[in-house]
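What follows is each chain in one-letter form.
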Amino acid sequence: MKIQCPFCGAKYEAPPGRKFYVCPYCGTVLSEGKTYENVYVFKPTVDKTEAFRKALNFRPFGAPDDLPSASPEAAELHFLPLYLYHITFSPLDELETYATALAVSTPPFRLPKRYVFPARWRTPFKPSLEKIGVFHSPDLSPEETFSSLKDVVEEARDYASVFKVRVSIEWSFEGIVYYPFWQLRYRYRDRPYGALVDAAEGSVLVLDYPISRRGRAEGLGLAATAILSSSAVGALVGAYLYLAPALGALGGALASLGAAARLITFAASRTGKYEAAYRL
């Protein structure tokens, strides 16, 4: 279907059935007859070369020493749409905040679990930015997406509970924010791998990487150490409880099997998978 933007007048093709449509020329958002002109962006501060440098020099556990010499193959800059909300918690005005949430149901790449996007440092969107990357259109409603901000709401409620105050939560949809990511592909010894780098502040978020022989050996060593250490602790506890030391050692060894199994699986694999555990 063809849509004419009410803001810049441009006509563009758009798939039917969506609740929200973003003009590819000026970023104006249309939804059910309403126009949203508040469109923002986090500008990329990391270029393609720097993104590869950060990814290949990251060196997670088990990565080979010469990983920085891997060959970059492809890099694509993606801008994911976020909805921007203004949230108030009456009567505690000091809890007023802005928050963003991912507005697309299926991102084009793997993101860290429970990833939280920032709301500060956004700047007004400029149509010229459309030329430097792939902009993805939202396919969720602001109501659906707001539910993913439950952590923000729960933190406010926990704060209010300290003062024994019941808060009333109100929010308003403030517009769309685009956040940039570098999706990278590289090759190490004729095998392809991928990475995801935050293009706004440079963090390596996801990295698939080769595991070296030394890394596999270290994984097996850690697995053995975990079992032996747990067995020793179990034997001491057993002796303290007047149990047979062998029985205590067996219990300790069984308790460490989960961690040991993960290390053994890592050692047996040729590819490691790093995913950032922190939240912005």
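A. Main features of the pairing of strand S8 (residues 97-102). Of the strand pairs in this sheet, strand S7 (residues 71-90) and S8 are connected by 6 bridges, and their pairing is antiparallel. Paired with Leu84 across the strands is Thr100, a residue of S8.

B. How the structure looks around the pairing of strand S13 (residues 204-210). Buried residues dominate S13, accounting for 7 of its 7 residues. Direction of pairing for strand S12 (residues 191-198) relative to S13: antiparallel, over a ladder of 3 bridges. What sits directly across from Leu196, in S13, is Val206. Hairpin connection from S12 to S13: 5 residues lie between these consecutive antiparallel strands, with Gly202 at a positive phi of about 90 degrees.

C. Geometry of the side chain of His86. Checked against the element boundaries, His86 lands in strand S7. Classification of His86 by relative accessible area gives buried; the value is 17%. Only 2.5 Å separates the side chain of His86 from the side chain of Glu96, close enough to count as a polar contact. Not counting residues within four places of it along the chain, the set of residues in contact with His86 comprises Glu96, Thr97, Tyr98, Glu170, Trp171, Ser172 and Glu174.

D. Structural context of helix H3 (residues 150-162). Relative to the 18 Å expected for 13 residues at 1.5 Å per residue, H3 spans 19 Å between its end C-alpha atoms, a close match to the ideal helical length. Taken together, the buried positions of H3 are Val153, Ala156 and Ala160. Seen end-on, H3 carries its buried residues on one side only, within an arc spanning 65 degrees. What points out from H3, more than 90 degrees from its buried face, is the exposed set Lys150, Glu155 and Val162. The inward-facing, buried residues of H3 abut S7, helix H2 (142-146) and strand S11 (168-188).

E. Structural context of the packing of aromatic side chains. Evaluated as defined, the whole model comprises 17 aromatic pairs. Taking NZ or CZ as reference, Arg122 lies 5.1 Å from the ring centre of Tyr40, over its face. It is Arg122 that lies over the ring of Tyr98; its NZ or CZ is 5.3 Å from the centre.

F. Up close: the pattern of salt bridges. Applying the stated rule across the entire model yields 10 salt bridges. Salt-bridge contacts for Lys54 lead to Glu50; the nearest nitrogen and oxygen are separated by 3.8 Å. Residue Lys54 and its partner Glu50 are located together in helix H1 (residues 48-56), separated by 4 residues, close to a single helical turn. Since its relative accessible area comes to 27%, Lys54 is described here as partly exposed.

G. A look at the side chain of Thr145. When you line up the elements, Thr145 lands in helix H2. Given the relative accessible area of 2%, Thr145 is considered buried. Beyond its immediate sequence surroundings of up to four residues, Thr145 is in contact with Tyr83, Tyr85, Ala101, Leu102, Ala103 and Leu140.

H. Quick look at the environment of Phe89. Relative to the elements of secondary structure, Phe89 occurs in strand S7. Judged by its relative accessible area of 2%, Phe89 falls in the buried class. Residues Phe89 and Ser168 lie 79 residues apart in sequence; the distance between their C-alpha atoms is 5.5 Å. Beyond its immediate chain neighbours, meaning those up to four positions away, Phe89 contacts Leu95, Thr97, Val152, Val153, Ala156, Val167, Ser168 and Ile169.

Cut-offs and rules
- Residues numbered from 1 in each chain as written.
- Predicted model: local features only at pLDDT ≥ 70, side-chain atom pairs only at ≥ 80, totals over all residues.
- Heavy atoms only, no water.
- Pairing = 2+ DSSP bridges.
- Helix = DSSP H or I, 4+ residues; strand = E, 2+ residues; numbered from the N terminus.
- Buried < 20%, exposed > 50% of the residue type's maximum accessible area, 1.4 Å probe, protein only.
- Polar contact = N/O pair within 3.5 Å; in protein donor to acceptor, adjacent residues only side chain to side chain.
- Contact = heavy atoms within 4.5 Å.
- Expected span 1.5 Å × (residues − 1).
- Arc of directions from axis to C-beta.
- Phe/Tyr/Trp six-rings, centres within 6.5 Å; stacked < 30°, edge-to-face > 60°.
- Lys NZ or Arg CZ within 6 Å of the ring centre and 35° of its normal.
- Salt bridge = Lys/Arg side-chain N within 4 Å of Asp/Glu carboxyl O.

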